Every structure is written in structure tokens, then in C-alpha cells.
Amino acid sequence: MSADIETLNPYYSPLLYRWGQRMCWSFFRMAARCDVKGLENIPHEKRAIIFAANHRSLIDPPLLGCIIPRPIFYFAKEELFKIPFIGWYIRRVNSFPVRRSAHDVGAFKTSLAVLSAGYPLLLFPEGGRRLDPQTQWRARAGVGMLAAKTQALVIPVGIVNTEHLSHLAKVRVRFGTPMQPPADTGGNAYQHFADDVMTRIQELCQ
């Protein structure tokens, strides 16, 4: 666990990260009346943590980024990095690109490096945004594989109403109790663990 953030991400800017946290939290607190519970479930010590959340809106990553006290790393679709200013900014707040249409080995290796160095990673087990929360609760096995290979704790996170922010709906964020990584390895164990994580996320959204 010797790598620091600047080694993992040469673009990282602590100043921009802290500024973004403050600005985003001010917005979400006023515009979304954001209600957060379960922060006591986040360990204080430096260690590998996967924050596994449901994903309903593009604002979910900055929302969690401004709530979680420690700097975290994110996946972001590679198309965003080609947009002027947005691409420049998200690189400096620990986003790294992922190709969603293919098995992105590079993104997986980066995830392993982040977690092995003891830094938190935000992951959406469903693999992307799912706009119908009533029917979409299917997880991919990746969260189980990453947790098993790095022995990272998995903290399930339930996010409610970010897809209705334009209607001034109150946003709720719930952090669940940490889940220990799966003891077994292999596709079945990874998927079973991922399904358990998704069940916990769904419960937190009730």
C-alpha cells in the first residue's frame, strides 16, 4: 500500500478536489435538500473500500464524491474525457476512463492498483445507469472479483431520487454496513456476492 494518489493519478489536484466537494455539497444541500445517513459505517483508517451504489443519474458520482470524506476514485465513460473542460476537470478529481462496450482490461488493472494502494473506489455494480428502479437490480460479477482480489470492504450505498432532481425531489443517500469480501474465488462466488451487494443496495433504497 505504498502508492500515493499522485502516483496513481498524475493529474490529481487536491485543490480542485476540495473545491469541487464544497461546491457540489452546497448545491445538493440547497437544491436537493440532501438527506444523508450511515456515514458512521465508513472506516476512518486508510484501507481498500469499494463504495457500491445504484446508478440513476449523471449526478450520482459527484454527489457521493462530495459526501464521502476521503478522496475517492471513479469510473467514467471514455466519451466524457473528450468533452472540453469536463474531460480536463474529471481527470483531476480521480476519474479514469472505461470502455463500457468492451471488457476493459486497462480499467480493471487501474481498479486493482487503486484498491491495492488502500484508496476507495466508487463502483456501480449494475454497470451503468438504470433508469427504471422498479425492474433494474441486476449486478455484474466485477464487484465480487475486485473485492476478492484486493480484500476490499464493500460498503453498499442506496441513492434515491437523483433522477427526479429537476422536479425538486428530496435526495436520500444511505450508507450500509460494510460487507466482507468473498472468501471463495471463481465466477459463481463473485456473482453470488455481487447479487448480495445489490440486494443490500435495494434495501437501502426503500
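Numbers given to residues run from 1 along each chain, matching the order in which its sequence is written. Thresholds applied to this predicted model are a pLDDT of at least 70 for local features of residues and 80 or more for the giving and counting of side-chain atom pairs; totals over whole chains, interfaces and linings are not thresholded and use all residues. As a convention, hydrogens and water are excluded, and side-chain values are obtained from all of the structure's heavy atoms.

Attention now moves to the sheet that holds strand E1 (residues 35-37). Here, any two strands with at least 2 DSSP bridges between them count as paired. Every helix listed is a DSSP run of H or I at least four residues long, and every strand listed is a run of E at least two residues long, numbered separately from the N terminus. The five strands are arranged E1-E7-E6-E2-E5 in an open sheet whose pairing can be described as mixed. In this open sheet, the two edge strands, each paired with only one partner strand, are E1 and strand E5 (120-123). If you compare each strand with its neighbour and ignore which way they point, the axes differ by 20° on average. Sheet topology note: the strand E2 (residues 49-53)/E5 ladder contains four bridges and is parallel. Pairing of Ile50 across the sheet is with Leu121, part of E5. By definition in these notes, contact holds between two residues if any of their heavy atoms fall within 4.5 Å. Simply put, an axis is a line fit to the C-alpha atoms, just over the touching stretch for a helix, and the angle between two N-to-C directions goes from 0 to 180 degrees. The strands touched by helix H6 (residues 142-150) are E2, E5 and strand E6 (153-160); relative to E2, the strand with the most contacts, the crossing angle is about 165°.

It is worth spelling out the nonpolar core at this point. What we call a nonpolar core is a set of buried Ala, Val, Leu, Ile, Met, Phe, Trp, Tyr and Cys residues that are connected through their side-chain atoms within 4.5 Å. Remark: exposure states derive from per-residue accessible area (1.4 Å probe, protein chains only) relative to the maximum for the residue type, with buried under 20%, exposed over 50%, and partly exposed in between. Ranked by internal contacts, the top residues of the largest apolar core, which has 60 residues, are Ile50, Phe51, Leu64, Val154, Val173 and Phe175. Residues within four places of Val154 in sequence aside, it is in contact with Ile50, Ala52, Val143, Ala147, Thr177, Pro178, Met179, Phe193 and Val197.

Right, let's talk about the pairing of strand E4 (residues 95-98) for a bit. Of the strand pairs in this sheet, strand E3 (residues 74-77) and E4 are connected by four bridges, and their pairing is parallel. Along E4, the bridge assignment pairs Ala76 with Pro97. Since E3 and E4 lie parallel, the crossover through helix H4 (residues 86-92) that links them has a hand, and here it is right-handed. By the criterion used throughout, a crossover qualifies as right-handed when its path from the first strand across the helix to the second strand runs clockwise, the strands pointing away from the viewer.

This paragraph deals with the packing of helix H2 (residues 14-31) against helix H3 (residues 60-67). Contact geometry for H2 and H3: axes closest at 8 Å, N-to-C directions at 105°. Taken together, H2 and H3 sit at an angle that is classed as roughly perpendicular. Residues Tyr17, Gln21, Cys24, Trp25 and Phe28 of H2 pack against Pro62, Leu63, Gly65, Cys66 and Ile67 of H3. Ten residues, namely Ala, Val, Leu, Ile, Met, Phe, Trp, Tyr, Cys and Pro, are considered nonpolar, four, namely Asp, Glu, Lys and Arg, are considered charged, and the remaining ones, Gly among them, are considered polar. In terms of residue class, the contact of H2 with H3 is made up of eight nonpolar, two polar and no charged. Each angle is binned into one of four classes, with values under 35 degrees roughly parallel, values over 145 roughly antiparallel, values of 65 to 115 roughly perpendicular, and all other values oblique.

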